[in-house]
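Observations on the model geometry
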Amino acid sequence: MPARQAQSLSTSITIAIAGNPNAGKTSLFNALTGLRQKIANYPGVTVEKKRGVWFLDDQSAVTVVDLPGLYSLNATSIDEQIARDTLVQSSDPDLIILAIDATNLLRNLYLATQVIELGRPTVVALTMFDLALRDGLEINVPLLSRELGVPVVPVVARRQIGIEALAGAVKKAAEDIHACVPRKRIDTPTTRKDQLLNRYQRIDSLLSGVLTRNKRESLSRTERIDALLTHRLFGPIILTAVVLFVFQIIFSWANLPMNLIDGGFSALSRFVRTTLPPGVFTDLLADGVIAGVGGVLVFLPQILLLFLFIAILEESGYMARAAFLMDRLMRSVGLDGKAFLPLVMSFACAVPAVMATRTIESTKDRITTIMIAPFMSCSARLPVYTLMIASCFANQKTFGFISTGALIILMMYLLGISTAVGVAWLLKHSILKAPSTLFVMELPVYRIPSVSNVFHTMLSRAGLFVKRASTVILAASIVLWALAAFPRTTEGSRSYKVANSYAGRAGRLLEPIIAPLGFDWRIGIGLISSFAARETIVSTLGVVYNVGEEDESQRSGSLVKAIMSAKRSDGSPMWTPLVGLSLMVFFVLACQCMSTLAVVRRETNSWRWPLFMVSYMLVLAYLGSLITFQGGRLLGFS
Amino acid sequence: MLLSLLLGVKATFNFDPDANNKMKKTNYSTLNALPHGRWATVLNVLGPGFIALRLMEMGLVPGAIISVVRSAPLGDPIQVKLRDYHLALRRTEAEMISVAVHPD
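All residue numbers refer to positions counted from 1 along the written sequence of the respective chain. Following the order in which they are written, the chains are lettered starting with A and the ligands numbered starting with 1. Residue-level local features of this predicted model are given only where pLDDT is at least 70; pairs of side-chain atoms are given and counted only at 80 or more, and the full residue set underlies all totals for whole chains, interfaces and linings.

So, the overall build of chain A
For helices the rule is a DSSP run of H or I covering at least 4 residues; for strands it is a run of E covering at least 2, with both sets numbered from the N terminus onward. Across its full length, chain A holds 27 helices and 12 strands. Exposure is read from a count of other C-beta atoms within 10 Å of each residue's own; the residue is exposed at 12 or fewer, buried at 20 or more and partly exposed in between. C-beta atoms are placed from the backbone. For chain A, with 638 residues in total, the buried portion stands at 49%. Long-range pairs, those at least 24 residues apart, make up 72% of the contacts in chain A between residues at least 6 apart in sequence. Any residue pair is listed as a contact if its two C-beta atoms, each placed from the backbone, are within 7 Å.

Next comes the structure, spelled out in structure tokens:
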């Protein structure tokens, strides 16, 4: 190990923040780095790797990495493995800051003593020190520091208290960097239990001098809140209300910015068309690039709101309660309570949902959850449902007063959920069979979420989503644009051009296969384009039916009219309610989303799972549509 | 240095200083069967190695004092209270933890 310059600290010195989940690592990280942070991925897996710059004083700055939370160096989840490997094997961190929850010393010190024994320079940050004081805990900090053999600094990260003292301790510890030789210390399985017991014993005797416990106000307040929120009857009612509320907000608040973004990109695309000379390049820019970027960004308002609520639920401590309430139900299909949240998120977008599965310890449970997440009707399906309802079930009522459209959309959601349940059960009883795994989870103390933490989390996750999704969608939308634009013909209408393009030819080629589902070649083109992102079928149908591009605001209305008046070759109406229903069923069940597949590829680190996902879902979608259309005809519907 | 300190200590627990006396006059049970609201001291964690290890790493070590707060709506998992924090665990896991029930 090369000796480093101890005096001149620079960003080439890396500090890793480690600690238990809920120990206040992220608050501390935000307090140290402010907005000077960026988020990336650990190679191979999509675990967030947050890096930032911390200015210790006017002259010196260091790089800070926020590691995923871990309870012990014996890792059980991917998150923990990454944190463990960084601490034990990697040469990356020159110094470790251990975030130790001052209100929960006994268990937090378990990890702390393990990490200190690694022999790297370590500084302990005693987080949430204000809560500990308010809880009547008296902590003898100098004694704790002497017992642990490392500096201990009490901090209140949310109010920037103790940060300067922490900087001082870090600067001092950094002077010893070159003197320390990291050791690798692996507990061998036969001695692990003994070592664990020894360790707890040592911590307990250590604490007897350090810690005086009095009344625990925050614990008893948490107990009072839990009496309601995890109550047998009220708990599930409140959880349902919370989920419904979040969805209501996501869909209603996001509407306006989504329309603005959509309108903005259409305007930009028109502007490009009118200013640049017509040609391949202009078409590529207007229909490929701008449409592709717009297609990602239009979901940003929903994604931001979703991430906002998730950050609030996580920060407040409610998320763990949701997993607690739902565990038994999720287990009946072979999953874990922790799968509940990703699946709920999936109703907005499967991409963040797949990313959220990494808290699930068992790999097989995690893959099962990923495999069924796309069945939840995400926001990209809504434009398709809306178009079908408006075209095929306009103003219909069931029993005279319930809107048939609303009822059908509800049925589509239920179809997705029940298919997910069935598939999860099948997977867990076949290829992803595993002995029942561990479910032990901390129920953290309820806290009022800090505004800055919530916004940091929301923005960094949304940024990661945009970065990841935009590249894939952009590439896919350029490919699909090329399929629809080549070979180029100069004469004829846009619909004529599309019909003669590669996409059009593929649509005709596909027609015999999809005819039993009630689809014609035009829908075939739409299906092909929708594999980039589901909602693109709406714009593709617009092109196929040659709906004018002059006025964007009337476009959807005129598309509905064009669809309603479309005829089959024998003169019968093309878009019967049964065709609309069949198409909706196809969209519930098929995995038409490049971004999801790209994220699954990254999460599972192989092409096997995304390929399996897209093919089994395609088979299910085909069968589902076939049963809907043929079954409906047998029953006499049209 | 720390390691040598660690190995020199024998595993006897005194989280609850009065535990030995209490055990003499109390019932043994598993955490799963512990009535809600009653306090108990963890005696041992049995079962498959990695599960027992993780349960102990989460603080369910012999000597820890513990109480069941409530069960989830469908009776499982259960919410338990340790001295400084709350945990949720399944009944199959609670079954692996033997406890000595404190007298009222």
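Structure shown, so let's carry the discussion forward.
Things to note about the overall build of chain B
Scanning chain B for helices and strands turns up 4 helices and 6 strands. Secondary structure elements in chain B, listed N-terminal to C-terminal, are α-α-β-β-α-β-β-β-α-β. Counting every position in chain B, which comprises 104 residues, the buried fraction comes to 40%. Sequence separation of 24 or more characterises 63% of the internal contacts of chain B that already satisfy a separation of 6 or more.

Let's talk about helix α2 (residues 78-88) of chain A
All names here are of chain A. The buried fraction of α2 is high, at 8 of 11 residues. Along α2, the positions that sit buried rather than exposed are Ile-78, Asp-79, Glu-80, Ile-82, Ala-83, Arg-84, Thr-86 and Leu-87. In this structure, the buried side of α2 is in contact with β1 (14-19), β5 (95-101) and α3 (105-116).

Let's talk about the sheet that holds strand β4 (residues 78-81) of chain B
Think of it this way: DSSP has to see at least two bridges between two strands before they count as a pair. Strands sit in the order β12(A)-β5(B)-β4(B)-β3(B)-β2(B)-β6(B)-β1(B) across an open sheet of 7 strands; the sheet is antiparallel. In this open sheet, the two edge strands, each paired with only one partner strand, are β12 (440-443) of chain A together with β1 (28-30) of chain B. In this sheet, adjacent strand axes meet at a mean angle of 40° when their direction is disregarded. Pairing geometry for β12 of chain A and strand β5 (residues 86-89) of chain B, over 4 bridges, is antiparallel. The residue of β5 of chain B that forms the bridge with Leu-443 of chain A is His-86 of chain B. Every axis corresponds to a line fitted to the C-alpha atoms, with the helix fit spanning only the stretch in contact, and the corresponding angles, defined between N-to-C directions, vary from 0 to 180 degrees. Contacts from helix α13 (residues 318-331) of chain A reach β12 of chain A together with β4 and β5 of chain B within the one sheet, and its direction differs from that of β12 of chain A by about 140°. Running at roughly 140° to strand β2 (residues 39-45) of chain B, helix α3 (residues 49-57) of chain B makes contact with β12 of chain A together with β2 and β6 (97-101) of chain B of the sheet.

So, the interface of chain B and chain A
Between chain B and chain A, the residue contacts involve 34 residues of the former and 39 residues of the latter. When residues of the side of chain B that touches chain A are assigned to their parent elements, the largest contribution, 7 residues, is made by α3 of chain B. Each residue gets one of three labels, nonpolar for Ala, Val, Leu, Ile, Met, Phe, Trp, Tyr, Cys and Pro, charged for Asp, Glu, Lys and Arg, and polar for the others, Gly among them. In terms of residue class, the side of chain B that touches chain A is built from 22 nonpolar, 5 polar and 7 charged.

A word on the pairing of β2 of chain B
Residues and elements named next belong to chain B. Relative to strand β3 (residues 65-71), β2 is paired through 3 bridges, and the arrangement is antiparallel. In the strand pairing of β3, Trp-39 is matched with Ser-67. Of the pairings in the sheet, the one linking β2 to β6 comprises 5 bridges and is antiparallel in character. Residue pairing in the sheet places Asn-44 in a bridge with Ser-98 of β6.

Let's talk about unusual backbone geometry
A cis amide bond links Asp-76 of chain B to the next residue, Pro-77 of chain B, at an omega of -5°. Secondary-structure assignment places Pro-77 of chain B in the loop between β3 and β4. Here the phi dihedral of Met-128 of chain A falls at roughly 55°; this positive angle occurs in a residue that is not glycine. One can find Met-128 of chain A in the loop between β6 (122-127) and α4 (129-134).

Section: the pairing of β1 of chain A
All names here are of chain A. Among the 6 residues that make up β1, 5 are buried, leaving the element largely enclosed by the rest of the structure. Examined bridge by bridge, β1 and strand β4 (residues 61-66) share 4 bridges and lie parallel to one another. Counterpart to Ile-15 in the pairing with β4 is Val-64.

Focus on the packing of helix α22 (residues 521-530) of chain A against helix α23 (residues 536-544) of chain A
Residue and element names in this part refer to chain A. Relative to each other, α22 and α23 sit at 145°, their axes nearing to 8 Å. Read as a crossing pair, α22 and α23 show a hand that is right-handed. Here α22 contributes Arg-522, Ile-525, Gly-526, Ser-529 and Ser-530 to the contact with α23, which in turn contributes Thr-536, Ile-537, Thr-540, Leu-541 and Val-544. In terms of residue class, the contact of α22 with α23 is made up of 4 nonpolar, 5 polar and 1 charged. For any helix crossing, the convention is left-handed if the near helix is rotated counterclockwise from the far helix by under a right angle, and right-handed if that rotation is clockwise.

Description of the environment of Leu-87 of chain B
Within the secondary structure, Leu-87 of chain B sits in strand β5. Judged by the 24 C-beta atoms lying within 10 Å of it, Leu-87 of chain B falls in the buried class. Linking Leu-87 of chain B and Gly-59 of chain B, residues 28 residues apart in sequence, is a C-alpha distance of 9.3 Å. Those residues within four positions of Leu-87 of chain B in sequence are excluded, and the remaining contacts are Val-440, Met-441, Glu-442 and Leu-443 of chain A together with Met-58, Val-80 and Leu-82 of chain B.

Description of α3 of chain B
Buried within α3 of chain B are the following residues: Ala-52, Leu-53, Arg-54, Leu-55, Met-56 and Glu-57 of chain B. Once α3 of chain B ends, the next one or two residues include Gly-59 of chain B, with phi positive near 110°.

A closer look at the environment of Arg-366 of chain A
Residues and elements named next belong to chain A. With respect to the helices and strands, the residue Arg-366 is situated in helix α16 (residues 363-372). A residue is classified by how many C-beta atoms lie within 10 Å of it, and Arg-366, with 25 of them, is buried. Excluding residues that lie within four positions of it along the chain, Arg-366 makes contacts with Thr-357 and Ile-360.

Details of the environment of Arg-328 of chain A
Mapped onto the fold, Arg-328 of chain A is located in helix α13. Look at Arg-328 of chain A and you get partly exposed, because 18 C-beta atoms sit within 10 Å. Setting aside chain neighbours within four positions, we find Arg-328 of chain A in contact with Ala-72, Leu-74 and Asp-76 of chain B.

Overview of the confidence of the model for chain B
All names here are of chain B. Here chain B averages 79 in pLDDT, and 75% of its residues register 70 or above. The quantity known as pLDDT measures the predictor's confidence residue by residue, on a range of 0 to 100. Confidence, read as mean pLDDT per element, is least for helix α1 (residues 2-7) in chain B (43) and greatest for β4 (94). Counting interchain partners and residues more than four positions distant, the pLDDT-below-50 stretch residues 1-14 has 18 contacts. Here the predicted complex carries an ipTM of 0.78, next to a pTM of 0.79.

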